[in-house]
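Results of the structural survey
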Amino acid sequence: MLAVAFQTLRGRWVSFLGTVVALVLGVAQVAAMGLLLMTTLDLPDRPVERFANAPAVVMPSDPTWDPAHHDLGIRSLPQAKGVSQELLRKVSAAGGTVADRAFYAQLEGGPKDQVGHPWPVARFGRYTLQDGRAPASDMEIVVASGQARTGDKVTVLTAAGVGSYTVSGTVCPVDWEDAVFFTDAEAARLAPRIDALVALGAIGKVREAVGKEADVLTGQDRHQADASEDRDREALDNTVTLVPVMASVAGTTAVFVVASTFAFAVIQRRREVALIRTVGATPRQVRRMIRNEALLVSGFASVVGTVLGLFGAQLLADMLIGMGVSPPWFRIEPSLHWTVLAPLAAAFLVGVLVALCGVTVAARRAGNIRPVEALREAAVDDSGMTPGRLLLGAIGLVCGAGLAAWIALGGPAMVLSPSAYAISLLVPVLAAAVLAPLAVGPFTRLLMWPLCRFSGPIAMLVRESVLTSRRRTAATAAPILLTVGLTFSLLAATDALGAARENGLQNQVKSEYALAPDRTPGISPQVIEKVSRIDGVQVAAPILTTVYTHDEGRLEVNDGLVVDSAALKRMMDLKVVDGSLDALDDNSTVVADLWGMDVGSTLKVLMADGEEANLRIAATYHALRGEDVAYLPQRFAKTAVYARDGLARRAYISLESGTDRAAATTAIRKAVAGNGARFVTRDQLVASDSAYARHLTEVRQRSTTVIVVMFCFIAILNTLLMANADRRRDLAALRMAGATPKQVMRFFIAESLLVAAIGVGLALIATALNLIGLWGALHQLFGTAPITVPYAVITGIAVMSTLLAVAGTVLPVSAALRAGTVQLVGTRE
């Protein structure tokens, strides 16, 4: 039957063109995402930057520390402590050292990622003076040319405060950092922690002196000491996190569409299969012929798809780079390496297997019926619901409803994980697509009921055509259902979650005003102290630090906020579960209930500067995962410059009773002007705080939506073209019955609009199930459930899907009308 299959493909290549297009695009999508994911496992060596001219770099490290399990900016305990004075003495004795410090230092109006260094380390990063001289006093600095000119007086923002410095010289700028260089003494005052040492002695002696206290980095390993190492890791972690989600959602969509397209292609040929059965072909021969056709088509299409995916993977990478997910240098190059060949081979196999699976059920059903029944069945379609499809759809529906109920009642925190939640949204939509043939009848009768009351035959013909061709209708409505359903569910979930977070933060903050960073990463404690000295103004400024605790032999790392206890109670409305915020003193802490600590128990902590403390649990409060921090007394403020950058991310402000509001707010604005902070209202602060979390969620879910929508748009047009290209007999019958070309076109357009309406209707039902689960989860997490829907975007996508459905109808019908009625009658199906 292989020869018969080959001849069939030659004779009916137009009918198989839509199947080939669907499979090519599906395989290309799987190949591109596989390449993107596998490339992260074999990245090129990044060039050494800051220590390119250093013979060796000594850097404290923790061999058990995996930075991939921690957010950007969190340091291991050895890195937070920095190089000890004892280690500095040992390495210096081995041949001399240069101490490196990296800390926040930003010129007024400069980029917020500017960093300060002592001038002696500049030469190891290939910095060369372009003008002027090295800083000779603590009030002199060197900056990159273009930032300022030699002799200028500039303002520099640091965690230690705002200072005025004279530019003694400029250096050529580099593309990997924006640095401000101080004298060694001034850098030590601003940043007491030593990040690393440049060892100038013999490597062997340096290693002997260091022992196991730290790492000695040479060669390519010196890149580990570059700040870009952490930024690149964070970007690649985002890529590794996002791509599997995109692959799962978009890949499942592609597989479903491809399998449905293959099955639909077989259904369209039931008359032809019936004739083959009539001339003596056995069911086994029919099944073998169809499988051989699928094998030939899928083999060719999969090869084309893998090639397209190979060269299209960089387009996907460029999209992620543009969204700020992947690093700018991320490239996917064609090669014979296993990280390239493996995903291409996997995509090829997926294409072939999906094609074979897509035709198996349809081929078995067509091959097992008797010839006379097959001919009769080819004339009138049935419900399209085989027992297997009905069972699969029922299982999907039960799973979708159960998952929505579990999210709403048992596991609401799942909506906070975009990766897992995006996949869960697939279940009701795919279940609706599987059960679509069962819904065609009720939807058609409901939608056509108002129209059938008007005079004219078109409404009746459209209604009966759809009711007698439920399989075709379900197959053509499925891509529209997937497009609208997935887009609606993903975007509505994104907007609703963002609105709920913002509403929850707004209820938590009690202060009327606040300070927010003004184009800076944070606010200096000195600026906050300056504001607190204004009459009638009360300020609470939590400063971010890190708390290290031992848990069953492991070192747990958590965020800590250093804040005055009285100010905390006055400015923040924490949901206290047990204890009281009034009990917070210099030897206690307030922790989240997620930590499982009892009020009155003792928490042994290690702080970033090496201090150990036993803190009593004064109170516990309810918090979501990712928002659970320890509130610490003011005496731990000095640890912030070791753990992070020593800045406050925000400051809460309230005015005492009787204070002149206008005078106080004017004084605050004047105090913070030019100091890296801006005076805002509570609502503005909440919107700013929630913007970053919303951005991450939107990037993940909207990028997935873009891929799904692009593929489904093509699938809509492709499926409609396939369906209508094979309906020349219907078109001929209408023409011979006396219908004019305009009436024929109106009939097919009306039918495509009805199909689109059925797809959109099923999508709304599936989305409603997802939104019910989301509503319950948000109500539990935030006490409110504002379901916001991006109506404009959803409406636009639904309209575009409908227009594509109409276009997929108009094009083949127009071509058939131009061919003439007589030719249509003689056309062989």
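Preceding block: the structure.
Let me begin by describing the structure that accompanies this report. (Residues numbered from 1 in each chain as written. Predicted model: local features only at pLDDT ≥ 70, side-chain atom pairs only at ≥ 80, totals over all residues. Heavy atoms only, no water.)

**Side note on the overall build of the protein**
Looking only at helices and strands, one finds 26 helices and 22 strands in the protein. Evaluated residue by residue, the protein yields a buried proportion of 53% over its 829 residues. Within the protein, contacts between residues separated by at least 24 positions form 82% of all contacts whose residues are at least 6 apart in sequence. Just so you have it, the protein exposes about 35800 Å², and 59% of that area is on carbon and sulfur atoms. (Helix = DSSP H or I, 4+ residues; strand = E, 2+ residues; numbered from the N terminus. Buried < 20%, exposed > 50% of the residue type's maximum accessible area, 1.4 Å probe, protein only. Contact = heavy atoms within 4.5 Å. Areas by Shrake-Rupley, 256 points an atom, 1.4 Å probe, with all protein chains shown as cover.)

**Comments concerning the environment of Gly132**
Among the secondary structure elements, Gly132 is positioned in strand β5 (residues 129-132). What makes Gly132 partly exposed here is its relative accessible area of 46%. With 19 residues separating them along the chain, Gly132 and Gly151 place their C-alpha atoms 8.5 Å apart. Excluding its chain neighbours within four sequence positions, the residues that come into contact with Gly132 are Thr150, Ser168 and Gly169.

**Side note on the sheet that holds strand β1 (residues 56-59)**
Read from one edge of the open sheet, four strands run β2-β10-β1-β11, paired in antiparallel fashion. Two strands lie at the open edges of the sheet, namely β2 (97-100) and β11 (215-217), each paired on one side alone. Here the average twist between neighbouring strands, direction ignored, is 25°. Two elements, β2 and strand β10 (residues 196-199), share four bridges in a ladder whose sense is antiparallel. Paired with Ala99 across the strands is Leu197, a residue of β10. (Pairing = 2+ DSSP bridges. Axes fitted to C-alpha atoms, helices over the stretch in contact; angles between N-to-C directions.)

**Regarding unusual backbone geometry**
Backbone geometry places Arg126, a non-glycine residue, at a positive phi of 65°. Position of Arg126 among the secondary structure elements: in the loop between β4 (115-118) and β5. In this structure, Arg519 is a non-glycine residue whose phi angle is positive, near 60°. On the basis of relative accessible area, Arg519 is assigned to the exposed category, the value being 63%.

**A few points about the packing of helix α12 (residues 387-409) against helix α24 (residues 741-782)**
The N-to-C vectors of α12 and α24 enclose an angle of 15°; their axes lie 7 Å apart at closest approach. Between α12 and α24, the angle falls in the class roughly parallel. As α12 runs across α24, the sense of the crossing is left-handed. Facing Gly400, Ala401, Ala404, Ile407, Ala408 and Leu409 of α12, the residues of α24 in contact are Leu769, Ile772, Gly773, Gly776, Ala777 and Gln780. (Parallel < 35°, antiparallel > 145°, perpendicular 65-115°, else oblique. Left-handed = near helix turned anticlockwise from the far one by under 90°.)

**A word on the nonpolar core**
Ranked by size, the top nonpolar core spans 60 residues in total, and within it Leu515, Val531, Val537, Tyr631 and Ile653 carry the most contacts. Ignoring sequence-local partners within four residues, the contact set of Leu515 consists of Ile523, Val531, Arg650, Ala651, Ile653, Ile668, Val672, Arg678, Phe679 and Leu685. Grouped together as the second largest cluster of nonpolar side chains are 37 residues, Leu430, Ile458, Phe748 and Leu762 included. (Core = buried A, V, L, I, M, F, W, Y, C linked by side-chain atoms within 4.5 Å.)

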